[in-house]
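This is what each chain is made of:
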Amino acid sequence: MIVYEAIQIHKTYPGADEAANRDISFQVQEGEIFGVLGDNGAE
C-alpha cells in the first residue's frame, strides 16, 4: 500500500535562473524507511 506519493516536484530558489531539481517523483510503500539528504548531509 502506498502511504506517500510525490509527483513531479521541482524547486527553484529565489533569484536562481534554473531549478535546483525538476520532475522528481516517488512513492513510499507501507513499511519502508525513507529519507532525503542534502549536500550538507542534513535530513
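To be clear, the structure that these remarks concern was listed above.
Residues numbered from 1 in each chain as written. Predicted model: local features only at pLDDT ≥ 70, side-chain atom pairs only at ≥ 80, totals over all residues. Heavy atoms only, no water.

Engineer: Whenever I open this one, the overall build of the chain confuses me. Can you help?
Structural biologist: A count of helices and strands for the chain gives zero helices and two strands. Each principal axis of the C-alpha atoms in the chain carries an extent, and together these give about 40 × 25 × 10 Å. For the chain, the residues scored as buried account for 5% of the 43 residues in total. As presented, the chain carries roughly 4000 Å² of accessible surface, and 49% of it is formed by carbon and sulfur atoms. (Helix = DSSP H or I, 4+ residues; strand = E, 2+ residues; numbered from the N terminus. Buried < 20%, exposed > 50% of the residue type's maximum accessible area, 1.4 Å probe, protein only. Areas by Shrake-Rupley, 256 points an atom, 1.4 Å probe, with all protein chains shown as cover.)

Engineer: Just checking my understanding: could you explain the packing of aromatic side chains for this structure?
Structural biologist: Where two aromatic rings form a pair, the distance of their centres and the angle of their planes describe that pair. All told, the structure shown has two aromatic pairs when counted by the stated rule. Both rings, one in F26 and one in F34, keep their centres 4.7 Å apart while their planes meet at 20 degrees; by these two values the pair is stacked. According to the relative accessible area criterion, F26 is partly exposed, its value standing at 24%. Here the aromatic cluster, defined as three or more aromatic residues joined through ring pairs, consists of Y4, F26 and F34. (Phe/Tyr/Trp six-rings, centres within 6.5 Å; stacked < 30°, edge-to-face > 60°.)

Engineer: Hey, could you run me through the pattern of salt bridges in this one?
Structural biologist: Where side chains of opposite charge bring their charged atoms close, a pairing between them can arise. Within the structure shown, the criterion is met by one salt bridge. Residue E18 is joined to R22 by a salt bridge in which the shortest nitrogen-to-oxygen separation is 3.6 Å. With respect to class, E18 is no different from R22; both count as exposed. (Salt bridge = Lys/Arg side-chain N within 4 Å of Asp/Glu carboxyl O.)

Engineer: Explanation requested: unusual backbone geometry in the structure shown.
Structural biologist: Generally, phi is negative for residues other than glycine and the peptide bonds are trans, each holding for most cases. Even without a glycine there, the phi angle at Q8 is positive, about 50 degrees. By the secondary structure assignment, Q8 is in strand β1 (residues 2–11). The phi angle at D23 is positive, at roughly 50 degrees, despite the residue not being glycine. Its place among the elements puts D23 in strand β2 (residues 21–29).

That is the geometry; function is a separate question.
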